[in-house]
Amino acid sequence: MGILTIVTFLPLLGVLVILIANRGDKESENSIKWIALGTSIVTFIVSLIVLGNFDKGVSGLQMVEKANWIPSWGIHYYLGIDGLSILMLLLTTFISMVSIAASWTAIQHQIKQYYIFMLLMEVGMSGVFLAQDLFLFYVFWEFTLIPMYFLIGIWGGKERIYASIKFFLYTMAGSLLMLLAILYMGITNETFALPELIEGRAAFADAQNILFLGFAIAFAIKVPVFPFHSWLPDAHTQAPTAGSIILAGVLLKMGTYGFVRFNLPLFPEASIHYAPAIAVLAIIGIIYGALVSLPQKDVKKLVAYSSVSHLGFVMLGIFSLNEAGIQGGILQGVNHGLSTGALFFLVGVLYEQRHTRLFSEYGGVWKAMPVFSVLALIVTLSSMGLPGLNGFVGEFTILLGSMGSPALGPHPWIYTAFATTGVILAAVYLLWMFQRVFMGPLDNPKNKALKDINTRELVIMLSFLFFIIWIGVAPSGFFGLMDSSVAHLVSSVGTAVVAGH
Amino acid sequence: MTEQTLQLLTWLIPAMPLLSFFLIMLFTKHNKTLSWLLAWAAIIASWVMGWIVAFDMFGRDVDHLAEHPTAIHSAVDWLPFGDYAKGLWLQMGVAVDPLTAVMLFAIPFIIAMIMIYSVGYHNYGQPEGQVRGVPNHGQEEPLLSRFFAFMSLFAGGMLTLVVADNLLLLFVGWEIMGFCSYALIGFWYARNYDDPKKITPRKAGIKAFITTRIADVVMLLGIVYFYSVFGTLNFSEALSAHGLEAAATAVGPAMLGVMALLLFTGTVGKSAQFPLHVWLPDAMEGPTPVSAVIHAAAMVSAGVYMIVRIFPLIAVGMEGNPNVGLIIGGIGAFTAFMAATIAVAQNDVKGVLAYSTISQLGYMVAAIGIGAYVAAAFHLITHAFFKALLFLGSGSIIHGMEHGAGHVHDHHTDPQDMRNMGGLAKKMPKTFWTFVIGGFALSGFPILTAGFWSKDEILADAFFQSSHGDAFAGVVFWTLAIAALLTAFYTMRQISLTFLGEPRTPLAEHAHESNNYMTIPLILLSIFAVAAGWAGIPEEFPILGPMVNNNFFHHYVGATIEHSLSELEHAGLLAHGLETLPFNWFPLATSLVVALGGLFLGWWVYGRKPLKSGERDPLIAPLGPLHQFLQNKWYWDELYQAVFINPTIYFSEVIVYEIMDKGLIDGTLHLIARTFYTIGGYVKTFEQRVISDGVDWLKDQFLAMTKEFRQLQTGRIQEYTLVSMLIAVALAVVVLAINYGWFNQLFTIIP
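Description of the structure in this document.

So, how was this worked out
Residues numbered from 1 in each chain as written. Chains lettered and ligands numbered in written order. Predicted model: local features only at pLDDT ≥ 70, side-chain atom pairs only at ≥ 80, totals over all residues. Heavy atoms only, no water. Axes fitted to C-alpha atoms, helices over the stretch in contact; angles between N-to-C directions. Helix = DSSP H or I, 4+ residues; strand = E, 2+ residues; numbered from the N terminus. Parallel < 35°, antiparallel > 145°, perpendicular 65-115°, else oblique. Contact = heavy atoms within 4.5 Å. Nonpolar A, V, L, I, M, F, W, Y, C, P; charged D, E, K, R; others polar. Core = buried A, V, L, I, M, F, W, Y, C linked by side-chain atoms within 4.5 Å. Buried < 20%, exposed > 50% of the residue type's maximum accessible area, 1.4 Å probe, protein only. Salt bridge = Lys/Arg side-chain N within 4 Å of Asp/Glu carboxyl O. Polar contact = N/O pair within 3.5 Å; in protein donor to acceptor, adjacent residues only side chain to side chain. Pairing = 2+ DSSP bridges.

All names here are of chain B. Contact pair helix 13 (residues 299-309) / helix 16 (residues 349-369): the axes reach a minimum separation of 10 Å and the direction vectors enclose 5°. Classified by the interaxial angle, the pair formed by helix 13 and helix 16 is roughly parallel. In this structure, helix 13 contributes V300, V304, I307 and V308 to the contact, and helix 16 contributes T357, L361, M364, V365 and I368. Looking at the contact of helix 13 with helix 16, its residues break down into eight nonpolar, one polar and no charged.

The following block contains the structure:
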């Protein structure tokens, strides 16, 4: 058994232990939490071992595990990792660990099921980022829907049912088109293994525009790209805190990862063909998401809509189709996971104490919770893209990428210029949010009883901030991890197009 | 001193305050004394190191520096660009050239003075104030540690910007300051006013941050464009004659002008130039030392410093596209004039200074617009000294007035309103004399003060160009001259209203001199407000020129770009290199007339017969509605509210959110859902009637299995089965389609 299998399925072991340990009393509830947390920590450590064994000089897949699964259909159990997925795997194990810790006191009922779903979620997400066989990928991809559906539907807010159904049906509908495309490619090439499909692209090159769209719609819903975003605010807002952290931190990245992993290498000509259109949607998303964030009356909904805006940046970077853009896009995905994940956590901390998320209920929280407020300020600034913190590095490289992108037509700077307006609006809605919650006089008597964050919450926040600052100050190591894979991807997209002409 | 030591010192200059920020935030924030001592230690260390580096640089041979301006340089790899393996890195580093050296002479010293002053300003040693987030008059500031932490961060940001060797690191410092200004302007975050129209500190902070950020984002665009054209962000590489020639060949000088304008937009925001000047007056809501650091030593200077830094680019851009010079010079001159007129009608002691700052920055920007590089840098330095002095002086006045307010238990009279002052010269002699020195420097009082020499140089440059056929420079010259007259006038008005005559309120009656923490920095700064100008006396100025150091400043700072400008001239990208102007009596006479004339007029209107209690401002009657217009700051705020802010809010709330998002997009989704639901209803009826009990039995089994989630899922199981069915059908269709080759037919139709 290879290390990638271990890192993927280790959480299942935790599920098993939880089932055994459960006796249904108070004491075993506590031990369930510890088992879940312990499992996710060990998984994180294993993913660090993966990182230790990772050779950043290699552009192709590493630590490959390949076995036949359904040989007659050309379906394999095929795991592998490269520069495109290493950061995603680390993000997954990190976010899973943090969100389990974040659920400690927030989840009060059906504890067993909750933590089982959290661990299952982790299996699905790791699998999505490691699978190199399209069928296997699809299985993991769809599998992630189920735990999330229940996490929202059972432990969510007031409109959880509506939100969970909307989330499930919407993303499922998108996935079906992808399934059609996968089946078509698999049948024409008699294999579902990604590297072989890339080799045998010629077999489905005629249909690549439509296949590209099949994948693109599935991924665009997940990202979400405007106008496919409307499931997101509901799902994010209604999900329990940990669910929102996972949604923002990892699930959305499955969409952007899908574009990089599948759309670009499988359909390079189509990618170039559609790049301007997708970049336009990305820019609409950046501005649109920012504008819609402005009038929100619910803190969590504001953060949710801001994701639409931030993910627009990621998409713009990816479809610049050059190294700076794609690297910036991937890194910005990580950054968004950290910053927005942390913001959702902060909202969760407030919600746990006050059971409301309306701006009108807050104000002057800084006085009651000084430590919490300072941490919140740093996270807000990171989300705004202040230099010295992570968001800036990603935004800057994406802007560089888009400015120098031939794929975006003769005047790529137009895209860059529009994208920058989103940066301005981000400052507006985030600072306004911070002001309405944290500043001003503490005049709501209910807020006077707010307690500052406890040690557990502080540790969670510091672990977010650790990476937020690290990426902001010294990003080169993160770029180093993905560089050779991205370079290879860019050159293969480039040569495919040259060959095609 | 070895190169390595100097490099190390240059790194440490910004590092010290940054370190003190972290130390205070992490460890000492519960101990106020230790916190401010740390902040002091850090900034004084930066000051000392800054002077060591600066004096080492001053001692170097000017001709040698002209050949190699970047005398101290050290950089580390930061971000891989292009190909990681090939080692193309974006480097982060520090560099010192003559321009940096003079900045290092002025900036850390001024910030150190402000830090020392702040301890007194926040009443260190008095009983601690009990309310957080509002000013506690006469009591020790409860958030003193936080104040010094942010001030340290601010200083760190500014010093980073000064020593940065590339545009990106400069931008990092730039944005750190933007954030600190937000945090410090909104320092009294819980303060509310009875008058709902008066902006609260927290809103002023946001206004400052967002207004400057609008500009910063455009600047960021300029940085990205800069990189894509030059392939580097390093100043000495990109802005060398070689780099600029290559760039001009690649995109043409006119596009370099566009790039210069993009970057210049950053200055418009940071240095509060029209049309983005509106944030600066409201930034006065911060504690006065913050105003001093924002409006004198750091933030606003940063904007001008940046355009001075990239001057070779601007020069080439102006040559390639004359509109660039027109825009920069026009904005500067207009701002200088407009802000000066507003300052005439302000009653807040800090408000006058705020508009005076905007106006003076306009001078520097206008100087850049007409190509007067050295003059802009010179005025930047002298202004930093005397404006810091004036702000700290006004803080001392307010402090004295607040003492009076505490004494008579009057907390409704505004201690910042000059109409409530009067006669403070006797109560606060040290503040008075230093304020007069600062005010005279601002007015450009001849020969003695620094402001005279630097302002004179700008006017001389403008005159020189206009006498060589540049009509625009003539307009700039006269606009700036009128603004200088107004400057002297409002300064004298301020001095008269504040210090002369008899106290007009009990507050002023009981005001008293501030403590030594505050007065000593005032005295030290006033020395430089006078002496800093002597470094730049033109050689040909009668008697004084040859006697004092032969225009050291001009030659020394000029050495930064002299070489590359002359090469660019040879390459045909510039009409002329850096010039030393011939002496001319006309601009000198103008300087003398406007400065002395303005001071005299101010004294005639306000000083001769000082205002009595209850008397109206003598300007109100003759100016009539114009005074109202000036007092309301030309109504810019109201205009922006109506034209930009309200429409944006309406657009985002009603059109985008309500109509687009909830109406159109979600509406479509719900329509689809409802359609399917209706179809599903028919299918269900069909199923119930047609399919027999056998299926029902299966369904019951399935329901039993999912009992666990039943309470939540009531009524949803059908939808589940519906989805599963859909998947199954879709799968079947695909398999069939592939088997019968339908896909291939489909794709031959769709290209």
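That covers the picture; the talk isn't over yet.
What follows covers the nonpolar core. With 457 residues, the main nonpolar core has F464 of chain A together with F179 and L313 of chain B as its most contacted residues. Of all the elements, helix 17 (residues 373-408) of chain B adds the most residues to this core, at 20 residues. Those residues in contact with F179 of chain B that lie beyond four places of it in its chain are L377, L381 and L386 of chain A together with F150, L153 and F209 of chain B.

Right, let's talk about the pattern of salt bridges for a bit. Residue and element names in this part refer to chain B. Taken as a whole, this structure holds 17 salt bridges over all chains when the rule is applied. Close ionic contact of D56 with R60 constitutes a salt bridge, the shortest N to O distance being 2.7 Å. In this structure, the salt-bridge partner of R213 is E175, at a minimum N-O distance of 2.3 Å. Linking R213 in helix 7 (residues 201-230) with E175 in helix 6 (residues 167-185), this pair joins segments that are 38 residues apart in sequence. Exposure class is identical for R213 and E175. Each is buried. Through salt bridges with shared partners, a single network forms among E3, D56 and R60.

Tallying the contact residues gives 70 residues for chain B and 79 residues for chain A. Counting the contacts that link chain B with chain A gives two residue pairs in polar contact (both at pLDDT 80 or more). Element by element, the count of residues in the side of chain B that touches chain A is highest for helix 7 of chain B, at 15 residues. The class makeup of the residues in the side of chain B that touches chain A is 47 nonpolar, 10 polar and 13 charged.

A few words on the pairing of strand 2 (residues 89-96) of chain B. All names here are of chain B. Most of strand 2 sits inside the fold, with six of its eight residues counted as buried. As judged from the eight bridges shared by strand 1 (residues 72-80) and strand 2, these two strands associate in the antiparallel manner. Within strand 2, the position partnered with V76 by the bridge is M92.

Attention now moves to the pairing of strand 1 (residues 62-70) of chain A. All names here are of chain A. In terms of strand pairing, strand 1 meets strand 2 (residues 75-81) through six bridges, oriented antiparallel. If you follow Q62 over to strand 2, its bridge partner there is I81. Taking the residues that link successive antiparallel strands as the turn, the strand 1-strand 2 hairpin has four residues, and the phi of G74 there is positive, at about 75°.

The analysis is restricted to geometry; functional conclusions fall outside its scope.
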